[in-house]
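Single-letter residue listing:
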Amino acid sequence: MKKQDAFSLIELCVEIAIPEIDILGGEPLLVPWLKEFILESTGSGITVNLSTNGASPELIDKYINIDTDFLNVGFSLLGLSEKHNHLTGSYNFSRAVEGIKMMISAGRNPIVKSVLMRENVNEIRALVYYLSELGVKRYYLLHEDIIGRNPDDLFSFPEYYEFYSTLKSEMKDITNIGSVAASGFCSGDVLHIPPHPGRCDAGVKKMAIMPDGSVFPCNLFFGMKEFKLGNIFRDSPEQIWMNPLLDIFRKSERNRCNTNQCKHFSSCRGGCPAHIYYFYGSFDKIDPRCEIKRV
């Protein structure tokens, strides 16, 4: 996104009372004016959630002196050194840990996130213990996103949730463990205390913006042109927010899954609409991540 457009976006967020901005990549820390953007956003009372692979501690160092409660920096780690480097095809584990240590030493409270995969499930507990020894107090688990990939050999949501719940209980005295909304509860899988009547948070509590200003219900719909809601730099927020495409997400739907012996059946909404649409071309199925195995 152009710098001028990004700062116009801050003004718009303030005007329409948007309280929170998530910045995803790619690698956001490579944007040369990002620190200015963060200072302007947080100074306006907007919370900024920044995700990084942590591969460049020298870039992390630029953000250590931003003294605000409105900035959350999340590092992605998929396991301990050998496992993380293997799964990411990089040698970034030690550099990410260096950045995490730098933030903790400066009195900041970084987040570490892991996608739960068959390849790393046996190492997650060891990773959490390792991070707790570093002083990490916030750790989040993600249900694996498979858009653009083969849905075979992955965790169904019940399996994911069972692992997450057990881990959270086991580690309650060690660190605070949560489930990242982007791939967990907002995606229609399980909403034990529904915050709204819709299928998920898309078009209800959140929307996603591409660098050119194109707006979609959430980032998982990027690339699906039929779900483009407009352009934030050309269309009014009211026009975008009232786009009839969002009715799909806002209306309450029965759970189309017929596996009523699943303990999540009564609170599940059938899974992530983006995954369902990507794999089946309609919203009349259930999330393919639950088609394979259920517990």
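Residues numbered from 1 in each chain as written. Predicted model: local features only at pLDDT ≥ 70, side-chain atom pairs only at ≥ 80, totals over all residues. Heavy atoms only, no water.

Our focus in this paragraph is helix α1 (residues 3-15). In this model α1 runs 19 Å from its N-terminal to its C-terminal C-alpha over 13 residues, within 8% of the 18 Å that 1.5 Å per residue would give. Taken as a whole, α1 has its buried residues at A6, L9, I10, L12 and C13. Here the buried residues of α1 occupy an arc of 165 degrees about the axis, which is enough to place them on one side. With respect to the buried face of α1, the exposed residues turned more than 90 degrees away are Q4, E11 and E15. Turning to α1, the residues buried within the fold contact β1 (20-23), α2 (34-43), β7 (208-209) and α8 (237-241). (Helix = DSSP H or I, 4+ residues; strand = E, 2+ residues; numbered from the N terminus. Expected span 1.5 Å × (residues − 1). Buried < 20%, exposed > 50% of the residue type's maximum accessible area, 1.4 Å probe, protein only. Arc of directions from axis to C-beta. Contact = heavy atoms within 4.5 Å.)

Bringing the sheet that holds strand β4 (residues 111-116) into the picture now. Strand order in the open sheet formed by six strands is β1-β2-β3-β4-β5-β6, and the pairing between neighbours is parallel. Of all strands in the sheet, those bounded by a partner on one side alone are β1 and β6 (176-179). Here the strands of the sheet are splayed against their neighbours by 25 degrees on average, with no regard to which way each runs. Two strands pair when backbone bridges link them, and β4 and strand β5 (residues 138-143) are joined in this way by six bridges, in the parallel orientation. Each residue of the ladder has a partner; that of K113, found in β5, is Y140. (Pairing = 2+ DSSP bridges. Axes fitted to C-alpha atoms, helices over the stretch in contact; angles between N-to-C directions.)

This part is about the confidence of the model for the protein. Counting all residues, the mean pLDDT for the protein is 87, and 91% of those residues have values of 70 or more. Ignoring residues within four places in sequence, the model shows residues 181-194, a span with pLDDT below 50, making 49 contacts including any to other chains. (pLDDT = per-residue confidence, 0-100.)

Turning to α2, its buried residues number three or more, namely L34, F37, I38, S41 and T42. Angularly, the buried residues of α2 cover 115 degrees about the axis, an arc narrow enough to put them on a single face. Summarising the contacts, the buried residues of α2 are in contact with α1, β1, β2 (47-52) and β3 (71-76). The first or second residue beyond α2 is G45, which carries a positive phi of 85 degrees.

This part is about the environment of E119. For E119, the position within the fold is in the loop between β4 and α6 (124-134). As for E119 and L78, which are separated by 41 residues in sequence, their C-alpha atoms are 9.3 Å apart. When residues no more than four places from it in sequence are discounted, the contact partners of E119 are K83 and L87.

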